[in-house]
Amino acid sequence: MYPLYYAIIIVLSVIALISTIVIAKNMDKSENQLSPEEDLQHLKSDKNDQGSIPLLSAIYAVTFAITVILVWIFIF
């Protein structure tokens, strides 16, 4: 049964890592397409844009919660 738990933890960790890399690449692409002047105007006009921080927070929160549950199963 423990190998199954280890496999779940490894798969979740890999999914979180891949998701982080994909989000970072998408952010990098959008930043490279803007000229410095356009980037400055975008920053001035869009004060409420939080980018991908909520998405990354959700990915890591879910991964953390599942990891805690699996650790709890291991201990008890």
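Coordinates for the structure precede this section.
Along each chain, residues carry numbers from 1 onward, in the same order as the chain's sequence is written. Reporting of local features is limited, given that this is a predicted model, to residues whose pLDDT is at least 70; pairs of side-chain atoms are given and counted only at 80 or more, and all residues count toward the totals for whole chains, interfaces and linings. Where side-chain values are given, they derive from all heavy atoms of the structure, hydrogens and water being excluded.

Peer 1: How should I be thinking about the overall build of the protein in this particular structure?
Peer 2: Per the convention used, a helix needs a DSSP run of H or I reaching at least four residues, while a strand needs a run of E reaching at least two, with both numbered from the N terminus. Tallying secondary structure elements over the protein gives three helices and zero strands in all. Listing each helix as α and each strand as β along the protein from the N terminus yields α-α-α. Within the span of the protein, comprising 76 residues, buried residues form 11% of the whole. Accessible area for the protein stands at about 6200 Å²; split by element, carbon and sulfur atoms hold 69% of it. Exposed residues in this analysis have more than 50% of their type's maximum accessible area, buried residues have under 20%, and partly exposed residues fall in between, with area computed by a 1.4 Å probe over protein chains only. Computed by Shrake-Rupley with a 1.4 Å probe, the accessible areas treat only the displayed protein chains as cover when residues are assessed.

Peer 1: Even after reading the chapter, I still don't get the side chain of Thr-63, so can you show me in this structure?
Peer 2: Along the chain, Thr-63 falls in helix α3 (residues 53-75). A relative accessible area of 14% means that Thr-63 is categorised as buried. A distance of 2.8 Å separates a polar atom in the side chain of Thr-63 from the backbone oxygen of Ile-59. Only heavy atoms matter for contacts: two residues are in contact if any of them lie within 4.5 Å across the pair. Setting aside anything within four residues of it in sequence, one finds Thr-63 in contact with Leu-12 and Ala-16. For the purposes of these results, a polar contact is taken to be a pair of N or O atoms within 3.5 Å, where, inside protein, one atom must be able to donate a hydrogen and its partner to accept one; residues adjacent in sequence count only when each atom of the pair is a side-chain atom.

Peer 1: What is the right way to look at α3 in this model?
Peer 2: Helix span is expected to be 1.5 Å times the residue number reduced by one. Relative to the 33 Å expected for 23 residues at 1.5 Å per residue, α3 spans 32 Å between its end C-alpha atoms, a close match to the ideal helical length. Every buried residue belonging to α3 is among Ile-59, Thr-63 and Leu-70, and all of these are buried.

Peer 1: It is not clear to me how the environment of Leu-70 should be interpreted in this structure. Could you clarify?
Peer 2: For Leu-70, the position within the fold is in helix α3. On a C-alpha basis, the gap between Leu-70 and Tyr-5 in space is 6.8 Å, while along the polypeptide they are 65 residues apart. Apart from residues no more than four positions distant in its own chain, Leu-70 is found in contact with Tyr-5, Ile-8 and Ile-9.

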